Amino acid sequence: MSDSTSARPALRGTHHVALIGSDYARSKRFYTDLLGCTVLDEHYRDARDSWKLDLALPDGTRLELFSFPDPPSRPSRPEACGLRHLAFAVDDVAAWQAYLAAAGVATEAIRVDEYTGRRFLFFADPDGLPLELYETGGA
């Protein structure tokens, strides 16, 4: 890679993160009803026998949720090569942990980031994708 950055175009941020769920209805409920993502658009694509659901987070970041017939499994533990996990910013990790527990979603114990002092925890979506809640404000 070159050290010259004078001609490099600028990245503007994250536009979206794409996810594939093995059970579209279950994943849709998880990301909308449980996590509170806003539905922007939803399309069934006949040619691919696939759903595409566009979701938004309050900061404008988007998630794209897809369904495909019989998607192959992928290693999903945080230490697997590739995408490690998807992290969401929250005000109060303990409040989220209690909320998820009441909804029957298992979480790992709350940890503290040794460099920032911020609290965080891991849990998984219905397909085992590691998700993190990282405390950025509030309590």
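Refer to the structure printed above.
These figures come from a predicted structure and were not determined experimentally.

Strand order in the open sheet made by the 4 strands is β5-β8-β7-β6, with mixed pairing throughout. Edge positions in the sheet fall to β5 (86-90) and β6 (111-112), since each has one partner strand and no second. Strand direction decides the pairing type here: strand β7 (residues 119-124) and strand β8 (residues 130-135), joined by 5 bridges, are antiparallel. Within the sheet, the bridge partner assigned to A124 lies in β8 and is P130.

One pass over the full model with this rule turns up 8 aromatic pairs. Between F120 and F122 the ring centres are 6.0 Å apart and the planes differ by 90°, which places this aromatic pair in the edge-to-face class. Assessed through its relative accessible area of 7%, F122 is described here as buried. Of the aromatic side chains, those joined through ring pairs into one cluster are Y24, Y44 and W51.

This part takes up unusual backbone geometry. Notably, D49 is not glycine yet its phi reads approximately 50°, a positive angle. With respect to the secondary-structure elements, D49 resides in the loop between β2 (38-45) and β3 (50-56). Here D70, not a glycine, exhibits a phi torsion of approximately 50°, which is positive. Topologically, D70 is positioned in the loop between β4 (62-67) and β5.

Attention now goes to the side chain of D125. Relative to the helices and strands, D125 resides in the loop between β7 and β8. Although D125 is buried, it makes no salt bridge; R26 carries the closest opposite charge, 7.0 Å away. Separated by 2.8 Å, the side chains of D125 and Y31 make a polar contact.

Each value, and the rule that gives it
Residues numbered from 1 in each chain as written. Predicted model: local features only at pLDDT ≥ 70, side-chain atom pairs only at ≥ 80, totals over all residues. Heavy atoms only, no water. Pairing = 2+ DSSP bridges. Helix = DSSP H or I, 4+ residues; strand = E, 2+ residues; numbered from the N terminus. Phe/Tyr/Trp six-rings, centres within 6.5 Å; stacked < 30°, edge-to-face > 60°. Buried < 20%, exposed > 50% of the residue type's maximum accessible area, 1.4 Å probe, protein only. Lys, Arg positive; Asp, Glu negative; His and termini not counted. Salt bridge = Lys/Arg side-chain N within 4 Å of Asp/Glu carboxyl O. Polar contact = N/O pair within 3.5 Å; in protein donor to acceptor, adjacent residues only side chain to side chain.

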